[in-house]
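# Structural overview for review
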Amino acid sequence: MREGEYVDSLVDEYATLLRKRLSRDLQNRHDDAGIVEDLEASADWSTSGARELVRLADNYGAFMLRNALAIAVVLGKEDGARGF
């Protein structure tokens, strides 16, 4: 599976997993603690890993993270220095 297909698969998986946690308000608030719980319970993330994922998404958003992903793929960085 190519990286793009893998990302599409992950987006679908997380959209299903986190559906009940997504906000319907105008400020796009969501239940961070609930998302962390769901990632721990259903996606096999550690607490620190799940918190880091939510923090990255909140702080950087999809635009920055897509570009970081593309660079990581080109550099062959499957796992980063932080060990997640």
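Above this note sits the structure.
Parameters at a glance
- Sequence order as written defines the numbering, with residues in each chain counted from 1.
- Selection of residues for local features in this predicted model requires a pLDDT of at least 70, selection of side-chain atom pairs for listing and counting requires 80 or more, and totals for whole chains, interfaces and linings are taken over all residues.
- Side-chain numbers here rest on the full set of heavy atoms in the structure, without hydrogens or water.
- The numbering of helices and of strands both runs from the N terminus, where a helix is a DSSP run of H or I of at least 4 residues and a strand a run of E of at least 2.
- Working definition: with a 1.4 Å probe on protein chains only, accessible area under 20% of the residue-type maximum means buried, over 50% means exposed, and in between means partly exposed.
- Two residues form a contact once any of their heavy atoms are found within 4.5 Å.
- Throughout, the Shrake-Rupley method with a 1.4 Å probe supplies accessible areas, and for residues the shown protein chains are the sole cover considered.
- His is not counted, nor are the chain ends; Lys and Arg add positive charge and Asp and Glu add negative charge.
- A charge is said to be at NZ when it belongs to Lys, at CZ for Arg, at CG for Asp and at CD for Glu.
- In this scheme, a helix's expected span is set at 1.5 Å multiplied by one less than its residue total.
- Basic side-chain nitrogens of Lys or Arg form a salt bridge, by our definition, when they fall within 4 Å of a carboxyl oxygen of Asp or Glu.

## Here we look at the overall build of the protein
For the protein, the count of helices and strands is three helices and zero strands. Order of helices (α) and strands (β) in the protein, N terminus to C terminus: α-α-α. Dimensions of the protein, computed from the C-alpha atoms along their principal axes, are close to 35 × 25 × 25 Å. Taken over 84 residues, the protein has a buried fraction of 15%. For the protein, the proportion of contacts with a sequence separation of at least 24, taken over those separated by at least 6, is 33%. Looking at the protein as shown, the accessible area adds up to about 6700 Å², and 54% of this sits on carbon and sulfur atoms. Counting 11 positive and 16 negative side-chain charges, the protein places the averaged centre of each group 4 Å from the other.

## Remarks on helix α2 (residues 32-43)
With twelve residues, α2 extends 15 Å between its outermost C-alpha atoms, agreeing within 8% with the 16 Å of an ideal straight helix rising 1.5 Å per residue. Elements that come into contact with the buried residues of α2 comprise α1 (3-18) and α3 (47-75). Just downstream of α2 lies Asp44, where phi reads positive at about 60°.

## Some remarks on the pattern of salt bridges
All told, the structure shown has four salt bridges when counted by the stated rule. The salt bridge involving Asp38 is made with Lys20; its shortest N-O contact spans 3.9 Å. Highlighted residues: Asp38 in helix α2 and Lys20 in the loop between α1 and α2, separated in sequence by 18 residues. On the basis of relative accessibility, which here comes to 62%, the residue Lys20 falls in the exposed class. Of the charged contacts, one joins Glu52 and Arg55 as a salt bridge, the two residues approaching to 2.6 Å between their closest N and O atoms. Pair noted here: Glu52 and Arg55 are both in helix α3, with a separation of three residues, about one helical turn. By sharing partners, the salt bridges in this structure join Lys20, Arg21, Asp31 and Asp38 into a single network.

Worth remembering: the numbers are spatial, not functional.
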